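Listed below are the residues making up each chain.
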Amino acid sequence: MTFHRALTLRHSATAATPVLVGEAALAAAEPELLRWLAGRAVFVVGSAPVLALHGARLDGLRAAAARWEVLEVADGEAAKSVRSAEALWNRMLAAGGKRDSRVIAFGGGSVGDLAGFAAGCFLRGLDFVQIPTTLLAQVDAAIGGKTGVDLPGGKNTVGLFHHPAMVVCDTSLLPTLPRGELRSGLVEVIKMAALLDLGLLAETETALDALLAGEAAALGPVVAGAAAAKIAVVERDPTEQGDRRLLNFGHTLGHAIETALAYGGLRHGEAVAYGILFALRLAERRGLDAGFAGRLRTLLARLDLPPLPPLDPAALVDHMARDKKARESGLVWVLPAAPGEGRMVSGIPWEEILEEIGGFLRDPFAAMCPDRV
Ligand SMILES: NC(=O)c1ccc[n+]([C@@H]2O[C@H](COP(=O)([O-])OP(=O)(O)OC[C@H]3O[C@@H](n4cnc5c(N)ncnc54)[C@H](O)[C@@H]3O)[C@@H](O)[C@H]2O)c1
Ligand SMILES: [Zn+2]
């Protein structure tokens, strides 16, 4: 039997986004998608590799559209530029795009962020649908309405909240992902499970090897669990003033590592895994149960992460101080307080961070610096 689950994200008193998850989610969504795009100009945004692998999965939708344009964009993070967005706007305009045209984002988080942003701005807002094709996008990026592109000086620096009309997480698209992409997505699952859903954490621990191997039967329930966790936190805090910030667990140092490596050395989720390992050191110093910290370390070790390239502690601190999420009053850290529970901690002195980073870079999987206990 194929796994299928229908979730809903309510983002205002009157508006909601259905989120369908499972091995046959696209087929289940097809009747609703056909109604949504019937008689309209439809713009499908995707990159060449994903369109070549899975583009045919959209064939059933094509005949109902008044016009069907596939807009190919660069693969990966390179798609997320103002220039790519401008190219999409020009092509949509030239192809007769109207206020009632539809946009389909078909790809990973990069394509979803770009297409959502382009749709949100074009003619002051076109409806769009997310059909995420990576694990990371199915559990995180495609859900919650954040869209945007990068500037040369910073990632995700230009964007808007624009919720999709529907999110279709078809897990049968995932087995073609390279192991590194599955691992990267699994880190976001672990991030949410550790702070929001201990049942999901246990499920991930049990199924980890099958998940890393891209087995569709294992992926369905875990994607649904993580999507549900993300939906719950976004509903509680749609604009990231409070609880939604918990999703940044591991991202403070993770982003600094990505910046220091010029986005080249590690995948996003891999950098976040190291960020989680570092946050655990700070959390243990603030009383987190060593057993829970050890449990998360063991799980992350099973991912077989690529080694951390050599990094300069002072440069990492400098990147963190410039992070767009830093407030004037300093950085806000997301730390586990107890199993299944996170909290925001501000005011951690830079001297402590610098010292702890030194120990962390020597041995990322070790617990906090012992001399500081
Ligand atoms: N909007 C949000 O809330 C949010 C949240 C988290 C991350 N993000 C963003 O998401 C982006 C990262 O997304 P990502 O991890 O999905 O990476 P990605 O979109 O860059 O895709 C990674 C690679 O996977 C390949 N790929 C995609 N689907 C495939 C498939 N089914 N089979 C084989 N290969 C496939 C692509 O060709 C690409 O090379 C970042 O830009 C990040 O900022 C956004
Ligand atoms: Zn992330």
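Residues numbered from 1 in each chain as written. Chains lettered and ligands numbered in written order. Predicted model: local features only at pLDDT ≥ 70, side-chain atom pairs only at ≥ 80, totals over all residues. Heavy atoms only, no water.

Q: What's the story with the packing of helix H7 (residues 179-196) against helix H8 (residues 198-212) in this structure? I'm lost.
A: Angle between the axes and distance between the axes are the two parameters that describe a pair of packed helices. At a minimum axis distance of 8 Å, the contact between H7 and H8 shows a crossing angle of 165 degrees. Viewed along their axes, H7 and H8 adopt a mutual orientation that is roughly antiparallel. Both H7 and H8 take part in a crossing whose hand is left-handed. Contact residues: Arg179, Leu182, Arg183, Leu186, Val189, Ile190, Ala193, Ala194 and Leu196 in H7; Leu198, Leu200, Leu201, Thr204, Leu208, Leu211 and Leu212 in H8. Here the contact of H7 with H8 is composed, by residue class, of 13 nonpolar, 1 polar and 2 charged. (Axes fitted to C-alpha atoms, helices over the stretch in contact; angles between N-to-C directions. Helix = DSSP H or I, 4+ residues; strand = E, 2+ residues; numbered from the N terminus. Parallel < 35°, antiparallel > 145°, perpendicular 65-115°, else oblique. Left-handed = near helix turned anticlockwise from the far one by under 90°. Contact = heavy atoms within 4.5 Å. Nonpolar A, V, L, I, M, F, W, Y, C, P; charged D, E, K, R; others polar.)

Q: It is not clear to me how the domain arrangement of the chain should be interpreted in this structure. Could you clarify?
A: One frequently used descriptor of interface size is the decrease in accessible area upon assembly of the parts. Domains assigned within the chain are domain 1 (4-179) and domain 2 (249-373). Relative placement of domain 1 and domain 2: their C-alpha centres are 32 Å apart. With 4 residues of domain 1 at the contact, the number on the domain 2 side is 4 residues. Together, the buried faces of domain 1 and domain 2 total about 440 Å²; carbon and sulfur atoms form 60% of this surface. Considering only the side of domain 1, the residues that lose the most area to domain 2 are Leu136, Lys155 and Asn156, jointly responsible for 64% of the buried surface there. (Domains from an automatic or database assignment. Buried area = accessible area lost by both parts, 1.4 Å probe.)

Q: Looking at this structure, I do not really get the packing of aromatic side chains. What am I missing?
A: If you walk through the whole model with that rule in mind, you get 3 aromatic pairs. Seen from their ring centres, Trp89 and Phe117 are 5.9 Å apart, and the 50 degrees between their planes marks the pair as tilted. Here Trp89 is found in helix H4 (residues 82-94), whereas its partner Phe117 is found in helix H5 (residues 109-121), with 28 residues between them in sequence. Here the aromatic cluster, defined as three or more aromatic residues joined through ring pairs, consists of Phe278, Trp333 and Phe360. (Phe/Tyr/Trp six-rings, centres within 6.5 Å; stacked < 30°, edge-to-face > 60°.)

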